Amino acid sequence: MAERSLLFVPGARADRFAKALGAGADITCIDLEDSVPPEGKDAARAAAIAFIAEQGSPDHLWLRLNPVRSVAGLADLLAVLSMQRAPAALMLPKLTDPADLTLVDEVLGSQAVGLVPLIETAAGLRNAAAIATARRVHALLFGAVDLSAELGCALEWEPLLHARSALVAAAAEGGVGLFDVPSIDVTDTEGLRSSTARAKALGFTGRACIHPIQVAVVNEVFTPIAAEIARAHRVVDAFEQAGGGVALLDGKLIEIPVVRAARRVLAAAAG
């Protein structure tokens with residue numbers, strides 16, 4: 001399944017879990033971190049674990065833990081270990097040290113659980129390639145809000161372009177997906193479409209959302225259009241007709257990197 005959109009739902013709002021799951025996002029992620037006040041952590045954790053268990057822990061339902069170096073994060077991890085079937089993936093916020101991934105990997109043992117680190121600190125950005133290539137890592141998520149606050153830069157495209165580019169390279173090295181930060185303005189549909197298109201052009205494979213209204217736009221941007229699919233088919237066909245060697249299509253050189261890009265388009269179109 002293509003993972004174009006990831007919709008967060010607050011762990012403190014169990015009444016919204018089912019609605020979020022039906023909002024059309026490729027991934028729904030129950031958030032036990034930022035959206036839950038300290039006094040509500042235990043109740044949110046219990047509600048999230050119960051809901052995921054009721055749903056049978058489907059692949060498209062993830063769980064964002066509290067930082068693994070915190071008491072709440074350790075409690076979250078222990079709760080996951082108590083489940084008969086763990087979530088398909090655990091999102092790990094404030095991930096800065098690949099050693100934390102090694103610890104979580106060892107604790108999870110034989111359970112088939114993917115890890116999705118949030119890169120939202122300067123240290124995490126510095127270690128992004130090591131994080132992306134660690135065992136169990138399924139995807140990365142760019143935490144631009146926290147990172148911009150730490151760096152003291154504006155939460156805008158240009159000041160964070162280096163960070164985004166570094167994460168694209170890290171995700172490519174690890175062969176994992178990469179979600180862009182959610183747009184915090186849920187009313188700006190055109191701004192969402194424009195910034196999502198820029199992220200896609202840079203190499204991101206999906207984007208997180210904080211409101212169901214954002215999901216359709218993100219899915220639209222990350223779904224290849226008919227012209228892109230047709231062009232990709234022509235590229236692959238030309239390459240195969242040339243016996244896997246260099247080919248020309250519409251006067252342009254077709255080499256293996258171009259073919260790889262075309263096949264990514266076809267894979268995304270297939271969902």
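These numbers were taken from a predicted model, which means no experiment stands behind them. (Residues numbered from 1 in each chain as written. Predicted model: local features only at pLDDT ≥ 70, side-chain atom pairs only at ≥ 80, totals over all residues. Heavy atoms only, no water.)

1. Observations concerning the overall build of the protein
Okay, so step 1: Looking only at helices and strands, the protein features 12 helices and 10 strands.
Okay, so step 2: Viewed in the frame of its principal axes, the protein has a C-alpha envelope of about 65 × 40 × 35 Å.
Okay, so step 3: When burial is assessed residue by residue, the protein has 46% of its 271 residues classed as buried.
Okay, so step 4: Residue pairs at least 24 apart in sequence account for 66% of intrachain contacts in the protein once pairs closer than 6 positions are excluded.
Okay, so step 5: Only carbon and sulfur atoms are counted for the fraction: they give 57% of the accessible area of the protein, which is about 12600 Å². (Helix = DSSP H or I, 4+ residues; strand = E, 2+ residues; numbered from the N terminus. Buried < 20%, exposed > 50% of the residue type's maximum accessible area, 1.4 Å probe, protein only. Contact = heavy atoms within 4.5 Å. Areas by Shrake-Rupley, 256 points an atom, 1.4 Å probe, with all protein chains shown as cover.)

2. Looking at helix α10 (residues 212-222)
Okay, so step 1: Those residues of α10 lying buried are Q214, V215, V217, V218, N219, V221 and F222.
Okay, so step 2: The secondary structure elements touched by the buried residues of α10 are β1 (5-10), α9 (189-202) and β8 (206-209).

3. Remarks on the sheet that holds strand β7 (residues 177-180)
Strand pairing in a sheet relies on backbone hydrogen bonds, with the paired strands running either antiparallel or parallel.
Okay, so step 1: Strand order in the closed barrel made by the 8 strands is β1-β2-β3-β4-β5-β6-β7-β8, with parallel pairing throughout. Pairwise comparison of adjacent strand axes, ignoring direction, gives a mean angle of 25° for this sheet.
Okay, so step 2: Sheet topology places strand β3 (residues 61-64) next to strand β4 (residues 89-92); 2 bridges connect them, and they run parallel. Opposite R64, over in β4, you have M91 as the bridge partner.
Okay, so step 3: With respect to the sheet, helix α2 (residues 41-55) is in contact with β2 (27-31) and β3, its orientation differing from that of β3 by roughly 165°. (Pairing = 2+ DSSP bridges. Axes fitted to C-alpha atoms, helices over the stretch in contact; angles between N-to-C directions.)

4. Looking at the domain arrangement of the protein
Okay, so step 1: Along its sequence, the protein is carved into domain 1 (5-222) and domain 2 (226-270).
Okay, so step 2: Centre-to-centre separation of domain 1 and domain 2, based on C-alpha positions: 32 Å. (Domains from an automatic or database assignment.)

5. Concerning the pairing of β2
Okay, so step 1: Of all 5 residues in β2, 5 are buried; the element is thus mostly enclosed.
Okay, so step 2: Residues I27, C29 and D31 point to one face of β2 and T28 and I30 to the other, with burial holding for every one of them.
Okay, so step 3: Looking at chain direction, β1 and β2 are connected through 5 bridges and run parallel. Residue pairing in the sheet places V9 in a bridge with I30 of β2.
Okay, so step 4: Strand direction decides the pairing type here: β2 and β3, joined by 4 bridges, are parallel.

6. So, the nonpolar core
Okay, so step 1: Counting 59 residues, the largest nonpolar core has I30, L63, L90, L92, L140, F142 and L167 as its most contacted members.
Okay, so step 2: The next biggest cluster of nonpolar side chains, apart from the first, holds 13 residues, and it includes I27, V116, F179 and A208. (Core = buried A, V, L, I, M, F, W, Y, C linked by side-chain atoms within 4.5 Å.)

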